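# An overview of the molecular structure
Single-letter residue listing:
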Amino acid sequence: GPDHQAVIIALSACQGSKAFQLGLQWGIGHAAGLGLVWGLLVLIYGIHHSLNQEMTIAHHLEHYAMYIIGAILLTFGAVCLACADKFFTAEWKPRAEGGCAC
């Protein structure tokens, strides 16, 4: 979604050809993380199903995960804005000196 695109754009800004490699690394890491979470949820569901309990843990995990993801995205945005003057001009053009290491 747009939140994923925003992170990739911010991480790869001014990186040139390294942006592809960074995006590929991020995509592989993201896919591995999703696979791990999926595996854990399947395991939790299997345990709860075998014990004839409701699947409420996944609902709690989803609820709190949304808050954690939101906090991470807000923090990421705040850090990028706080450091923006080091890498961008007032018109948001990349600064030539020192390159862009956002």
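Analysis parameters
Residues numbered from 1 in each chain as written. Predicted model: local features only at pLDDT ≥ 70, side-chain atom pairs only at ≥ 80, totals over all residues. Heavy atoms only, no water. Helix = DSSP H or I, 4+ residues; strand = E, 2+ residues; numbered from the N terminus. Buried < 20%, exposed > 50% of the residue type's maximum accessible area, 1.4 Å probe, protein only. Contact = heavy atoms within 4.5 Å. Patch = residues over 30% accessible without salt bridge, like charges linked within 9 Å, V, L, I, M, F, W, Y side chains within 5 Å. Areas by Shrake-Rupley, 256 points an atom, 1.4 Å probe, with all protein chains shown as cover. Salt bridge = Lys/Arg side-chain N within 4 Å of Asp/Glu carboxyl O. pLDDT = per-residue confidence, 0-100. Disulfide = S-S within 2.5 Å.

### Observations concerning the overall build of the chain
Along the backbone of the chain there are 4 helices and 0 strands. The helix and strand sequence of the chain, counted from the amino end, reads α-α-α-α. The burial tally for the chain puts 8% of its 102 residues in the buried class. Of the contacts made within the chain by residues no fewer than 6 positions apart, 35% connect residues no fewer than 24 positions apart.

### A word on a nonpolar patch on the surface
Among the surface-exposed residues, Tyr-64, Tyr-67, Ile-68 and Ile-72 lie close enough to one another that they form a single nonpolar patch of about 490 Å² accessible area. Checked against the element boundaries, Tyr-67 lands in helix H3 (residues 57–82). When its relative accessible area of 56% is taken as the criterion, Tyr-67 is described as exposed.

### Regarding the confidence of the model for the chain
Here the chain averages 76 in pLDDT, and 75% of its residues register 70 or above. Across the chain, H3 holds the top mean pLDDT of 82, while helix H1 (residues 2–12) sits lowest at 71.

### Here we look at the environment of Leu-73
By the secondary structure assignment, Leu-73 is in helix H3. With a relative accessible area of 32%, Leu-73 lands in the partly exposed category. A sequence separation of 67 residues divides Leu-73 from Ala-6, and the C-alpha atoms of the two residues are 9.3 Å apart. Dropping the residues within four chain positions of it, Leu-73 is found in contact with Asp-3 and Val-7.

### Observations concerning the state of the cysteines
Overall, the coordinates contain 0 disulfides when judged by the stated rule. With no disulfide of its own, Cys-83 lies 7.4 Å from the sulfur of Cys-80, the closest cysteine sulfur. Here Cys-83 falls in the partly exposed class, since its relative accessible area comes to 26%.

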